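Below are the chains, spelled out letter by letter.
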Amino acid sequence: PNKEILAISNEESSLNRPFSFPLPFADRYPEFDQYPKGILGFKQRIKTTTDLHENELMKKKDLAENVKAKTEELEKQEKEWLLQRKMLLEEEQKLQEEASIEEKKRLEE
């Protein structure tokens, strides 16, 4: 009876085992392509989500660089405008002083 049980269990175990290759005589092993589908699917999902996150980060980085460049450009324009405004105010003040001096001269005459 024990021999029969062993024979049955040996048959079942040999049926459940995947086909195994003998070791090759070449320099390398044969390519293994019997990965479980769940693992391959998981790796693909991980790669997909990683790629999506990388793309999103790149978009955010580009946006941040664009905002920084635009901010620098606007600050430069603002400085130029303030300088121009200052020059105009100085010129206006100078003209007012000249006008008041001429007015005083005319009143003295």
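Source: prediction; values computed, not measured. (Residues numbered from 1 in each chain as written. Predicted model: local features only at pLDDT ≥ 70, side-chain atom pairs only at ≥ 80, totals over all residues. Heavy atoms only, no water.)

Each helix and strand in the protein chain was counted, giving 2 helices and 0 strands. Of the roughly 11,500 Å² of accessible surface on the protein chain, a fraction of 58% belongs to carbon and sulfur atoms. (Helix = DSSP H or I, 4+ residues; strand = E, 2+ residues; numbered from the N terminus. Areas by Shrake-Rupley, 256 points an atom, 1.4 Å probe, with all protein chains shown as cover.)

For the structure on display, the rule yields 3 salt bridges. A salt bridge links Glu56 to Lys60; the shortest N-O distance between them is 3.4 Å. Residue Glu56 and its partner Lys60 are both found in helix α2 (residues 37–108); the two are separated by 4 residues, about one turn of the helix. Among the ionic pairs, Arg106 bridges to Glu103, the shortest N-O distance being 2.4 Å. Note that Arg106 and Glu103 are positioned in helix α2 at a spacing of 3 residues, about one turn of the helix. (Salt bridge = Lys/Arg side-chain N within 4 Å of Asp/Glu carboxyl O.)

Once that is clear, we can look at a negative patch on the surface. Taken together, the side chains of Glu90, Glu91, Glu97, Glu98 and Glu102 make up a negatively charged region of the molecular surface. Positionally, Glu97 belongs in helix α2. On the basis of relative accessibility, which here comes to 46%, the residue Glu97 falls in the partly exposed class. (Patch = residues over 30% accessible without salt bridge, like charges linked within 9 Å, V, L, I, M, F, W, Y side chains within 5 Å. Lys, Arg positive; Asp, Glu negative; His and termini not counted. Charge placed at Lys NZ, Arg CZ, Asp CG, Glu CD. Buried < 20%, exposed > 50% of the residue type's maximum accessible area, 1.4 Å probe, protein only.)

Residues with a pLDDT of 70 or more make up 73% of the protein chain, whose mean pLDDT is 81. Note that pLDDT drops below 50 for residues 1–15; the model gives that stretch 0 contacts with residues more than four away or on any other chain. (pLDDT = per-residue confidence, 0-100. Contact = heavy atoms within 4.5 Å.)

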